[in-house]
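# Report on the structure
Here are the chains, one letter per residue:
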Amino acid sequence: MNEIQRFLAHAIQLEKESSRRYAELAEAMQKLGNAEVAEFFQQMSHYSRLHQREAMERGGFHDLPKLAADEYDWPEGSSPEAAWGPVDPDIDVFGAMALAMRGEQRSHEYYQKIADETADPEVKAMATEFADEEAEHVVQLDVWHANLVKLTAAG
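Parameters and conventions
- Residues numbered from 1 in each chain as written.
- Predicted model: local features only at pLDDT ≥ 70, side-chain atom pairs only at ≥ 80, totals over all residues.
- Heavy atoms only, no water.
- Helix = DSSP H or I, 4+ residues; strand = E, 2+ residues; numbered from the N terminus.
- Polar contact = N/O pair within 3.5 Å; in protein donor to acceptor, adjacent residues only side chain to side chain.
- Contact = heavy atoms within 4.5 Å.
- Core = buried A, V, L, I, M, F, W, Y, C linked by side-chain atoms within 4.5 Å.
- Buried < 20%, exposed > 50% of the residue type's maximum accessible area, 1.4 Å probe, protein only.
- Expected span 1.5 Å × (residues − 1).

The name that an unreviewed UniProt entry assigns to the protein is Ferritin family protein, with the source organism given as Azotobacter chroococcum.

See the structure below:
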């Protein structure tokens, strides 16, 4: 991907889907009665909306850019965040964390691949920045998962 506007259109769509997915996970955790994890997922949804807004501002977009489905250049034909599928209403906390982790890892890989392959220095810099942010999300999820494992083992 060698055009900054095209890159940002993809980032905006990815973050929009990420926000929606985290909101779904937050709702599932709320129904499960785990307010703490629900709040964490709500916070992650908020961060995705912030990233979406940032990408829109950087691209000078006032509205979400409109690309037809076949105009997106996604790995395996869909956004890394859309690959989750619907959230199972009976999902448990560990299943929710695993879904979120896979989404963040796919998003990191997506941005990193663009950074590694683009010939455009502006796209490279921004894709690297976005990949780093996704890597931070992976670390946050790892910490939450480790803490949940400790709590489960202690309880």
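## Describing the side chain of Thr-118
For Thr-118, the position within the fold is in the loop between helix H3 (93-117) and helix H4 (121-154). Side-chain polar atoms of Thr-118 contact the backbone oxygen of Met-1, separated by 2.6 Å. Separated by 3.1 Å, the side chain of Thr-118 and the backbone nitrogen of Asp-120 make a polar contact. Here Thr-118 is in contact with Met-1, Asn-2, Val-123 and Lys-124, once residues within four sequence places are set aside.

## Regarding the nonpolar core
Counting residues in each nonpolar core, the largest one holds 21 residues, and the members touching the most others are Leu-25, Met-29, Phe-41 and Leu-141. If you list the elements that add at least two residues to this core, you get helix H1 (4-32), helix H2 (35-59), H3 and H4. When residues of this core are assigned to their parent elements, the largest contribution, six residues, is made by H3. In this structure Leu-141 touches Tyr-22, Phe-40, Phe-41, Met-97, Ala-100, Met-101 and Glu-104, once residues within four positions along its chain are discounted. If you look at the next biggest cluster of nonpolar residues, it comprises 19 residues, including Ile-4, Leu-8, Ala-55 and Tyr-111.

## Things to note about H1
Between its terminal C-alpha atoms H1 stretches 41 Å, which fits the 42 Å expected from 29 residues at 1.5 Å a residue. Of the residues one or two after H1, Gly-33 is the one with positive phi, at around 90°.

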